[in-house]
Amino acid sequence: MSSAPASLAETPVTTLKGVGPKNAERLARLGIDSVQDLLFHLPVRYQDRTRIVPIGSLRPGDQAVIQGDVELADIRYGRRRSLLVRLADGSGSITLRFFHFSAAQQANMTRGACLRCFGEVRNGPQSYELVHPEVQYVADGEPAAVEQALTPIYPTTEGMHQLTWRDLSARALDQLQRGGLQELLPDSVLAERHMPPLAAAVRLLHRPPPEESQRLLSAAGHPAQRRLAFEELLAHQLSLRVLRRRQRQRGAPALSGDGRLQRALLDALPFTLTDAQQRVLAQIEGDLGQQHPALRLVQGDVGSGKTIVAALAALACIEAGHQVALMAPTELLAEQHLRNFRDWLVPLGLDVGWLSGRNKGKRRAVTVDALADGSLPLVVGTHALFQDDVVFARLGLVIVDEQHRFGVHQRLALREKGAGQQVPHQIVMTATPIPRTLAMTAYADLDLSVIDELPPGRTPVSTVVVADGRRDRVVERVALACREGRQAYWVCTLIEESEALQAQAAEDTAAALADALEGLRVGLVHGRLKAADKEAVMGAFKDAQIDLLVATTVVEVGVDVPNASLMVIENAERLGLSQLHQLRGRVGRGAQQSHCVLLYHPPLGEVAQERLGVMRETSDGFEIARRDLEIRGPGEVLGTRQTGEMQFRIADLLRDQDMVADVQALADRLLDEHPERVAPLIHRWIGHKVQYAGV
Ligand code: ADP
Ligand code: MG
């Protein structure tokens, strides 16, 4: 009698022999709950223990199995007591070195004994050496068998040894033999791509036969690895598509304004929109006119003028009788938006509300009431906009600035603030240009617009990299610029995460600079200041009542003061590329030539050197993003590392980017042709991590 094999996804690892409570807990730490999870926990590399290598052919760095006879065994009393054993096999000889050894081990390794060893070859003082190799005693005339497959080395956690991993994966593979791992990719899909079936790919990766190229495996370019990465990318893509489709099924108010307010604002502006701004605005207006909720990502390099586009989009919504919520990730940035929007909208007779965590009591109540009764057309704020008691009478549009700091879930939460069954349209703005392949994967649930043009008359910021030993010269330079009527930023960075320490450092720097720069007005802004104080300082800087603004990295995002033309960044070597780019983007906003000084503390590490070099070479945000991706990897670039949203188990967006376009096309095809496979795919790869309810 045969029954269908139990699904390995539903089979807890604890059913495997060898998984008691302790190991279960260790496995859980790595997110391994089911036998299927265990099968998807792939080796990071492999050792070749399938053949015995002649000692004479070894090179430093090789990991190899050797076998030979002990010629000499000797205890040395140097700095550390050690047992040295010379092993020879006719092709050459090598030294085995042990710092810890028992009397029994020593007794076994006497002249004439035959040993088989595995270890990594190193350069020793006299000859090549294996330090603490694994040793097997070979009894006379009894050739012990070698391994049949490459030996997998698993990513591990405290307390789990490689032997345990091998043992557990062997048991899981035994179960796999009986089925239970459903193939979810259609045969035709596999055939077209010359990809192996799932079970075969998994089996191969856990126990590769000796002839599989190790090099291919460790670079993750093996068809079996690509097969799994492909399926994972596909699942991810599908989950976002499903979200998007579901989103499109909801209703949204179709908004079309009469252009009256927009025209009034445009007439009042001292500039005209760039072609790119007009194009993106038109795309947004197209979205707003639809009866299903828009979700659009607007990318634009720092200084490309996203704010005015957001304001004009907001006006279109207000003209159509609906409300707008504008959300920013930091208080400082939200305050700046507030100031801009008030400058622009109050003259048009529109009220602009404010909600932040620090805004409490009566003032907050007034704003909340006005949103609920619909009398307040627009509110600017931080996460505080999410609070439960914030209810809108007619929310039509949500604008989120600097998306990379928010996750998918927050994106969805604000959406639920719409009235009744209706969902507001949503625009997400980011100044972090995201390389296309990455954007297509990370934001597959969004439409994409790019403001790919800077307003005219901008001159690229000239950037120099200076060792902090020449700090005095930099201070002179600040003095010079300020005396010519220009303004400067001085950004302090600290490794310490603590806001208090950062604030302290900025205070010290500000005091020292104020001393050195007699007669100049030095301001200070950091995360510990009260909102009102921060706003006052930023306002004074904007009004040119402050010459030099000393700041922590709070000025990173969005701050806009066109007369500032010099930016000094201390300890620039500690910052990532995108953060440097954001900071530098605070200058170069006016017509005059701007400068950026990247101060570093020598010696410079290799990565830091590369980063600062990139900053000197280019000011193109997309190019910088591309280089950043190479240096840091996708998780960091998207800023989602902590949230785990973009953490893949097997796929790697940088390495596997060539598959992204294919994955996208296939996602559509699967949704149309094999809809029944979609939910299981999502469930297999991300279901337990992200709750896409009801998928
Ligand atoms: P970001 O895209 O980085 O948010 P901002 O919206 O802060 O950029 O705009 C940067 C600066 O450029 C602001 O001072 C803004 O008023 C100005 N600006 C925006 N659009 C134009 C334009 N078309 N022509 C000239 N200046 C513009
Ligand atoms: Mg901005």
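Residues numbered from 1 in each chain as written. Chains lettered and ligands numbered in written order. Predicted model: local features only at pLDDT ≥ 70, side-chain atom pairs only at ≥ 80, totals over all residues. Heavy atoms only, no water.

### Notes on the pattern of salt bridges
Move 1: Under the criterion given, the structure shown has 28 salt bridges.
Move 2: Across the salt bridge formed by E129 and R97, the nearest N and O atoms sit 2.7 Å from each other. Separated by 32 residues along the polypeptide, E129 in strand 6 (residues 128-131) and R97 in strand 4 (residues 93-98) bring together distant segments of the chain. For the pair shown, E129 and R97 are each scored as buried.
Move 3: Between D662 and R193 there is a salt bridge whose closest N-O contact spans 2.7 Å. Remark: R193 occurs in the loop between helix 5 (187-192) and helix 6 (198-206) and D662 occurs in helix 23 (residues 660-673); sequence separation between them is 469 residues.
Move 4: When its relative accessible area of 27% is taken as the criterion, D662 is described as partly exposed.
Move 5: Of the residues examined, R193 reaches a relative accessible area of 19% and is grouped as buried. (Salt bridge = Lys/Arg side-chain N within 4 Å of Asp/Glu carboxyl O. Helix = DSSP H or I, 4+ residues; strand = E, 2+ residues; numbered from the N terminus. Buried < 20%, exposed > 50% of the residue type's maximum accessible area, 1.4 Å probe, protein only.)

### Considering the environment of P12
Move 1: Within the secondary structure, P12 is located in the segment before helix 1 (21-29).
Move 2: Separated by 54 residues in sequence, P12 and I66 have C-alpha atoms that sit 39 Å apart.
Move 3: Setting aside anything within four residues of it in sequence, one finds P12 in contact with D33, S34 and V35. (Contact = heavy atoms within 4.5 Å.)

### What about the site of ligand 1?
Move 1: Close contacts around ligand 1 come from 16 residues, with G303, K306, T307, R458 and D560 the closest.
Move 2: Between ligand 1 and the protein, one listed contact pairs an oxygen atom with a backbone N or O atom of G305 at 3.0 Å.
Move 3: Contact distances for ligand 1 include 2.6 Å between an oxygen atom and a side-chain N or O atom of T307.
Move 4: Out of a free accessible area of 560 Å², ligand 1 has 86% covered by protein chains. (Near = heavy atom within 4 Å. Polar contact = N/O pair within 3.5 Å; in protein donor to acceptor, adjacent residues only side chain to side chain. Areas by Shrake-Rupley, 256 points an atom, 1.4 Å probe, with all protein chains shown as cover.)

### A closer look at the domain arrangement of the protein chain
Move 1: Taken domain by domain, the protein chain holds domain 1 (13-46 + 151-219), domain 2 (51-137), domain 3 (260-451) and domain 4 (462-618).
Move 2: Placing a centre on the C-alpha atoms of domain 1 and another on those of domain 3 gives a separation of 46 Å. (Domains from an automatic or database assignment.)

### As for the sheet that holds strand 16 (residues 462-467)
Move 1: The parallel open sheet is built from six strands, whose spatial order is 16-21-20-17-19-18. Every other strand in the sheet has two partners, leaving strand 16 and strand 18 (522-525) as the edge strands with one partner each. Each strand of the sheet is rotated relative to its neighbour by a mean of 20 degrees, with strand direction disregarded.
Move 2: Sheet topology note: the strand 16/strand 21 (residues 595-600) ladder contains six bridges and is parallel. The partner of V465 across the bridge, within strand 21, is L598. (Pairing = 2+ DSSP bridges. Axes fitted to C-alpha atoms, helices over the stretch in contact; angles between N-to-C directions.)

### Structural notes on helix 13 (residues 361-372)
Move 1: Given a rise of 1.5 Å per residue, 12 residues ought to cover 16 Å, and the 16 Å separating the end C-alpha atoms of helix 13 matches this to within 8%.
Move 2: Turning to helix 13, its buried residues number three or more, namely R364, T367, V368, A370 and L371. Each buried residue of helix 13 lies within a common arc of 165 degrees when the element is viewed along its axis, so the set occupies one face. Those residues of helix 13 that are exposed and aimed more than 90 degrees away from the buried face are G361, K362 and D369.
Move 3: Its buried side turned inward, helix 13 meets strand 10 (323-327), strand 11 (352-355) and strand 12 (378-381).
Move 4: Just past helix 13, the residue G374 takes up positive phi, approximately 85 degrees. (Expected span 1.5 Å × (residues − 1). Arc of directions from axis to C-beta.)

### A closer look at the sheet that holds strand 9 (residues 295-300)
Move 1: The seven strands lie next to each other as 11-12-10-13-14-9-15, forming an open sheet whose pairing is parallel. Both edges of this open sheet fall to strand 11 and strand 15 (447-451), since each of them pairs with a single strand only. Ignoring strand direction, the axes of neighbouring strands in this sheet form an average angle of 20 degrees.
Move 2: Summarising the sheet, strand 11 and strand 12 pair through four bridges and their orientation is parallel.

### Here we look at the nonpolar core
Move 1: Counting residues in each nonpolar core, the largest one holds 83 residues, and the members touching the most others are L27, L38, L228, L234 and L238.
Move 2: It is helix 8 (residues 223-249) that contributes the most residues to this core, nine residues altogether.
Move 3: Both domains that furnish three or more residues to this core are identified here as domain 1 (13-46 + 151-219) and domain 3 (260-451).
Move 4: For L38, the contacting residues outside a window of four places in its chain are V13, L16, L27, I32, W165, L168, A172 and H206.
Move 5: Formed by 41 residues, the second largest nonpolar core is a distinct cluster that contains I284, L288, V380 and I451. (Core = buried A, V, L, I, M, F, W, Y, C linked by side-chain atoms within 4.5 Å.)

### A closer look at the side chain of E231
Move 1: Residue position: E231 is located in helix 8.
Move 2: At 2.8 Å, the side chain of E231 forms a polar contact with the side chain of R227.
Move 3: A distance of 2.8 Å separates the side chain of E231 from the side chain of W685, its partner in a polar contact.
Move 4: Apart from the residues within four sequence positions on either side, E231 is in contact with L185, L198, L681, R684 and W685.

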